[in-house]
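Structural overview for review
What follows is the residue order along each chain.
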Amino acid sequence: MDLLNTLVDKGLRRETPTREEALAVLATSDDDVLDVVAAAGKVRRHWFGRRVKLNYLVNLKSGLCPEDCSYCSQRLGSQAGILKYTWLKPDEASEAAAAGLAGGAKRVCLVASGRGPTDRDVDRVSETIRTIKEQNEGVEVCACLGLLSDGQAERLREAGADAYNHNLNTSEGTYADITTTHTYADRVDTVNKAHAAGLSACSGLIAGMGESDEDLVDVVFALRELDPDSVPVNFLIPFEGTPLAKEWHLTPQRCLRILAMVRFVCPDVEVRIAGGREVHLRSLQPLALHLANSIFLGDYLTSEGQAGKADLEMIADAGFEVEGTGQVTLPEHRTGGGCGAHEGAGGAGCGSHGSAGAGCGSPAEGGAGCGAHAEGGVCGSHTEGGVPGSVSVPPASEPRTDLVAVRRRGAGTDVAPNA
């Protein structure tokens, strides 16, 4: 396919595709999806080899957010039955982080719900960052605290933060349809503040909220212009009790095309599969590793993910390897003197991270994985009136609410985390 050959050549040269080419990737048929994956996989391997970076989320403060982001289970007015708790103490956060690091994670993402941190909140998170770094040598720390005020990014950097996450989430043209309590420009401003402070900036998107192909291309091209080190791609989990609970638009093939488009537009940045991969990619998750070079390990902010052991087995079975702490995430031309830092950013941290005010690299909807339910059952194994033990799985076009489970373990609970 001439389109794919052109995109591979451009990706190897770090040349931006045209909007028409990006739209054409999204418009390819399911019959061509393996060709699309193979082509984008060439670009991924050129810049990142077969390494997969593992990241681990710690939800420092869950629920009760005053913002009205329609996708988020922690939003103002949410009826989702999620965990709700105030700030974890530094030692509690460090203990939670240690579980992910023991499972192979290279980066810890510290997330707190809310519009943005107060100066006291920045002090609190700074202490947490110092505690985690003192107790875990070589760990990368990313903060995701919402909209930043002047000087706050610098204070987080001084405390040892390597990166800051704040997603654009959707296109500027449709942003007001998703959130009304802050603006698209507010988000852009926070990403720029992170850059200016020398933090490795991370910003991404959420797909599946009813947006058009044009909207997806708009937000990815906007991200290319912002030039974050990391672009997390979230797939909406329509959490019951949120305004988007009925939005089920994604298929595994659609998700692969979106990831491929992001890789072609942002060839040399860390592309992370974030919230919703288990719910929407399902058994095609291993194919997505040929497109993205980074994933989350274990659970998300308010929902359960695939078991950490299953993540590691999936990576190995697909012929990839977990990126070690001594390996640099980003290509040399992007590091600028820091491990994975943004060019000219003063040598920030390795790679980067992302999400909305709801969470670092993964919407609060997160996503449960097959076999990851709190009950310990396997997805699709319920009899539902059929022969005992038989598998009853909804068609791919139907909502997979059976794959969504609220997190009941890890941070904010007395139950061991999934890592």
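Before any of the text, the structure's been laid out above.
What counts, and at which threshold
- Residues numbered from 1 in each chain as written.
- Predicted model: local features only at pLDDT ≥ 70, side-chain atom pairs only at ≥ 80, totals over all residues.
- Heavy atoms only, no water.
- 1 Å grid on protein atoms, 1.4 Å probe; cavity = no way out; pocket = protein on both sides within 12 Å on 5 of 7 lines; lining within 4 Å.
- Points joined across faces, edges and corners; volume = space filled by probe spheres on them.
- Helix = DSSP H or I, 4+ residues; strand = E, 2+ residues; numbered from the N terminus.
- Contact = heavy atoms within 4.5 Å.
- Expected span 1.5 Å × (residues − 1).
- Buried < 20%, exposed > 50% of the residue type's maximum accessible area, 1.4 Å probe, protein only.
- Salt bridge = Lys/Arg side-chain N within 4 Å of Asp/Glu carboxyl O.

So, empty space enclosed by the protein
Within the structure shown, the criterion is met by three cavities of 30 Å³ or more. Volume-wise, the largest cavity comes out at about 110 Å³. As for the largest cavity, its lining consists of 13 residues, and the residues nearest its centre are Tyr56, Leu57, Tyr300, Arg407 and Ala411. Here the lining of the largest cavity takes four residues from strand S1 (residues 51–61), the largest share from any one element.

Points about the environment of Ala318
Mapping Ala318 onto the fold places it in the loop between helix H13 (308–317) and strand S10 (321–322). The sequence separation of Ala318 and Leu287 amounts to 31 residues, and the corresponding C-alpha distance is 8.0 Å. In this structure Ala318 touches Arg50, Pro286 and Leu289, once residues within four positions along its chain are discounted.

What to know about helix H9 (residues 213–226)
For H9, with 14 residues, the first-to-last C-alpha span of 20 Å sits near the 20 Å given by 1.5 Å per residue. Of the positions making up H9, those classed as buried are Asp215, Leu216, Val217, Val219, Val220, Phe221, Ala222, Leu223 and Leu226. Asp227 sits one or two residues past H9 and shows a positive phi near 60°.

Some remarks on the pattern of salt bridges
Applying the stated criterion across every chain yields a total of 28 salt bridges. A salt bridge links Glu21 to Lys10, with the shortest nitrogen-to-oxygen separation between them at 2.9 Å. With Glu21 in helix H2 (residues 19–27) and Lys10 in helix H1 (residues 2–12), this residue pair connects regions lying 11 residues apart in the sequence. Relative accessible area serves as the criterion here: at 11%, Lys10 is assigned to the buried category.

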